[in-house]
Amino acid sequence: MRENGWLACSPWAAKAANPPAPLPAGELPPLLGIGPVYEYPSVRAITDQVPGSVTIKYDGVGHGRYLNAGDPCVIGHVDRYLIDGKLPAPGTTCPARPA
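Computed from a predicted structure; not experimentally measured.

A few points about the pattern of salt bridges
Taken as a whole and assessed by the stated rule, the structure comprises 2 salt bridges. With its nearest N and O atoms 3.0 Å apart, the salt bridge here joins Arg44 to Asp48. Classification of Arg44 by relative accessible area gives partly exposed; the value is 32%.

Describing the environment of Ser53
Counting through the fold element by element, Ser53 comes out in the loop between α1 (40–47) and β2 (54–59). Under the relative-accessibility criterion, Ser53 is labelled buried at 17%. It is 5.9 Å that separates the C-alpha atoms of Ser53 and Leu32, two residues lying 21 residues apart in sequence. When sequence neighbours within four positions are dropped, the list of residues in contact with Ser53 reads Pro30, Leu31, Thr47 and Leu87.

Details of the state of the cysteines
For the coordinates displayed, the defined rule picks out 1 disulfide. Each disulfide pairs two cysteine sulfurs, and for Cys73 the partner residue is Cys94, the sulfurs being separated by 2.0 Å. The S-S bond linking Cys73 to Cys94 shows a torsion near -75 degrees; that makes this disulfide left-handed. With Cys73 in helix α2 (residues 72–84) and Cys94 in strand β3 (residues 93–95), this pair connects stretches of sequence that are 21 residues apart. Take Cys73: its relative accessible area is 23%, and that puts it in the partly exposed class.

Section: the side chain of Thr92
If you trace the backbone, Thr92 turns up in the loop between α2 and β3. A distance of 2.5 Å separates the side chain of Thr92 from the backbone oxygen of Ala89, its partner in a polar contact. Not counting residues up to four positions away in its chain, the partners in contact with Thr92 are Thr55, Ile56, Lys57 and His77.

Analysis parameters
- Residues numbered from 1 in each chain as written.
- Predicted model: local features only at pLDDT ≥ 70, side-chain atom pairs only at ≥ 80, totals over all residues.
- Heavy atoms only, no water.
- Salt bridge = Lys/Arg side-chain N within 4 Å of Asp/Glu carboxyl O.
- Buried < 20%, exposed > 50% of the residue type's maximum accessible area, 1.4 Å probe, protein only.
- Helix = DSSP H or I, 4+ residues; strand = E, 2+ residues; numbered from the N terminus.
- Contact = heavy atoms within 4.5 Å.
- Disulfide = S-S within 2.5 Å.
- Polar contact = N/O pair within 3.5 Å; in protein donor to acceptor, adjacent residues only side chain to side chain.

Following this line, the structure appears as structure tokens:
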């Protein structure tokens, strides 16, 4: 864990300078979200706010499917979105990789 990793669980006392609010959906391009099984609903809650967005469900657990874990399915979809602006079909799922 990095030196500042414990800050993620710190009980912040100060008010947030940027409290949660709806996304400015009309001002954003379609988003691509990647959600492992336990975070998929949270990722969908964000991408569903922006028309045309897609969330890929990763049928496993863990963060960093693009860089850290190097999942080929996720990398392929993200690269296609970043390079060509093409989103996968709604309902796209990437299978979990064996441990």
